[in-house]
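Residues per chain are reported as follows:
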Amino acid sequence: MTSLDAPGTAIVTGASSGIGWEYAARLAGRGWGLVLVARRAERLDILAKEALKEGAAGVETLVADLGSPEDLSRVVERASGDDVDLVINNAGINGYGTFAEVNPDLLTRVVSVNVVALTALTRAAVPGMLARGGGGAVVNVASLLAFAGDLRPDPLPRRAVYAGTKGYAVTFTRTLAAELAGTPVRVQVVCPGLTATEFHLGAGDTPVSGERRVHDEGGMPAADVVTASLAGLEAGEVVCVPGLTDAEAVARLAEAELNLRSGSGGRMAPRYSHGE
């Protein structure tokens, strides 16, 4: 894998606030070149100037709405560049609300940003990383809500589609990591709990206006989330849960899945026979 201390070019989506901003700042301090992606041009311009002061090798900004096929296409093209060594798929929107009442167009946007864009950008970058043979990495930002499917709302949000998309990010990343085992390319999914950002200040249909700020609910500082993620990435950790005190919890999850597969009346065959 590309060492974080041997910098190349990193794409960071959702870079205009919160966790994305912190990833960009941290990578800039390690001398990475940055491609910053978000909807808010003014925020990106501010971040670009700060990143250069922190030591970034260079900064590009791409103002894009990843829920728009046209904008996503532009970012996908950049992600396929032969200089891209790291992709941080941090962009995400929540679309919180009662499933039967949320505007269906908003739910479509949630899936487009949280699932379609994440998948397309990963697919754009990984073939080049493999072909170059020098490593590379993809980090997908999910959420602890990926594991909260049967918990009722209050105090948790009404989140059926959001949680489903984050569950996708977890399963997609873990499965891709297994596929890429033995190659120098690494993938990680980060599952933070409540984080002190502006994420809860809107549903995601429009960007949060004004200067960067933090919602009233509090939570873990975004800097701590990124510290855990980058340390885990360098250690080869596929599932990173910042603040997790029980180091064996992820292993027990995998064991429970194995028990489900092996105890379901028939073990999963190595490949399906399609009737042959």
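Residues numbered from 1 in each chain as written. Predicted model: local features only at pLDDT ≥ 70, side-chain atom pairs only at ≥ 80, totals over all residues. Heavy atoms only, no water.

**Observations regarding the pattern of salt bridges**
What counts is decided by this rule: The salt bridge definition used is simple: a Lys or Arg side-chain nitrogen within 4 Å of an Asp or Glu carboxyl oxygen. Under the scheme used here, helices are H or I runs from DSSP no shorter than 4 residues and strands are E runs no shorter than 2 residues, and both carry numbers assigned from the N terminus. Buried residues are those whose accessible area, probed at 1.4 Å on protein chains only, stays under 20% of the maximum for their type, while exposed residues exceed 50% and partly exposed ones sit between those limits.
This structure, assessed with the given rule, holds 10 salt bridges. We note a salt bridge from Arg30 to Asp5, for which the minimum N-O separation is 3.5 Å. Of this pair, Arg30 sits in the loop between helix 1 (18–29) and strand 2 (33–38) while Asp5 sits in the segment before strand 1 (9–13); the two residues are 25 residues apart in sequence, bridging distant segments of the chain. On the accessibility criterion, Asp5 (57% relative accessible area) is exposed. The residue Asp83 makes a salt bridge to Arg78 at a minimum N-O spacing of 2.8 Å. Of the residues examined, Arg78 reaches a relative accessible area of 16% and is grouped as buried. Residues participating in the shared-partner salt-bridge network are Asp5, Arg30 and Glu234.

**Concerning helix 5 (residues 160–179)**
To be explicit about the condition: Expected span of a helix: the number of residues minus one, times 1.5 Å. In what follows, residue pairs with any heavy atoms lying within 4.5 Å of each other are defined as contacts.
Relative to the 28 Å expected for 20 residues at 1.5 Å per residue, helix 5 spans 28 Å between its end C-alpha atoms, a close match to the ideal helical length. For helix 5, the set of buried residues is Val161, Tyr162, Ala163, Thr165, Lys166, Ala169, Val170, Phe172, Thr173, Leu176 and Ala177. Buried residues along helix 5 sit against helix 4 (104–132), strand 5 (136–141) and strand 6 (185–190).

**A few points about helix 1**
End to end, helix 1 covers 17 Å across 12 residues, agreeing with the expected 16 Å (1.5 Å per residue, within 8%). Most of helix 1 is tucked away, with nine of its 12 residues classed as buried. The first or second residue beyond helix 1 is Gly31, which carries a positive phi of 85°.

**Quick look at the packing of aromatic side chains**
Aromatic ring pairs are reported here in terms of the distance separating the ring centres and the angle at which the planes meet. To keep things clear, this is the line we draw: Any pair of Phe, Tyr and Trp rings, taking the six-membered ring for Trp, is counted once the centres come within 6.5 Å. Such a pair is stacked with planes under 30 degrees apart, edge-to-face with planes over 60 apart, and tilted for the rest.
Per the stated rule, a full pass over the model turns up two aromatic pairs. Between Tyr96 and Tyr162, the aromatic rings sit 5.4 Å apart at their centres with planes inclined by 85°, giving edge-to-face as the arrangement. You can see Tyr96 sitting in the loop between strand 4 (84–89) and helix 4 and its partner Tyr162 sitting in helix 5, a full 66 residues away along the chain. An angle of 5° between the planes, with centres 5.5 Å apart, marks the rings of Tyr168 and Phe172 as stacked.

**With respect to the sheet that holds strand 6**
For the record, the criterion: At least two DSSP bridges between two strands are needed for those strands to be called paired. Inter-axis angles, ranging from 0 to 180 degrees, are taken between N-to-C directions of lines fitted to C-alpha atoms, where helices are fitted over the stretch in contact.
Spatially, 3-2-1-4-5-6-9 is the arrangement adopted by the seven strands of the open sheet, whose pairing is parallel. Two strands lie at the open edges of the sheet, namely strand 3 (58–63) and strand 9 (239–240), each paired on one side alone. Of the strands in this sheet, strand 1, strand 2, strand 3 and strand 4 touch helix 3 (residues 69–79), which is tilted by about 155° from strand 3.

**Examining the side chain of Asn90**
Among the structural elements, Asn90 can be located in the loop between strand 4 and helix 4. The contacts of Asn90, once residues within four sequence positions are left out, are Thr13, Gly14, Ile19, Gly20 and Val141.

**Looking at the nonpolar core**
Here is the rule we go by: Among buried residues, those of type Ala, Val, Leu, Ile, Met, Phe, Trp, Tyr and Cys that are joined through side-chain atoms within 4.5 Å constitute a nonpolar core.
Grouped together as the largest cluster of nonpolar side chains are 41 residues, with contacts concentrated most on Val37, Leu66 and Val75. Elements supplying a minimum of two residues to this core: strand 2, helix 3, strand 4, helix 4, helix 5 and strand 6. In terms of residue count, helix 4 provides more of this core than any other element does, 11 residues in total. Those residues in contact with Leu66, other than ones at most four positions away along the chain, are Thr13, Val37, Leu72, Val75, Ala91, Ser112, Val113, Ala117 and Leu121. Within the second largest apolar cluster, 31 residues are counted, among which are Ala10, Ala56, Val225 and Cys240.

Keep in mind that these numbers describe shape and distance, not what the molecule does.
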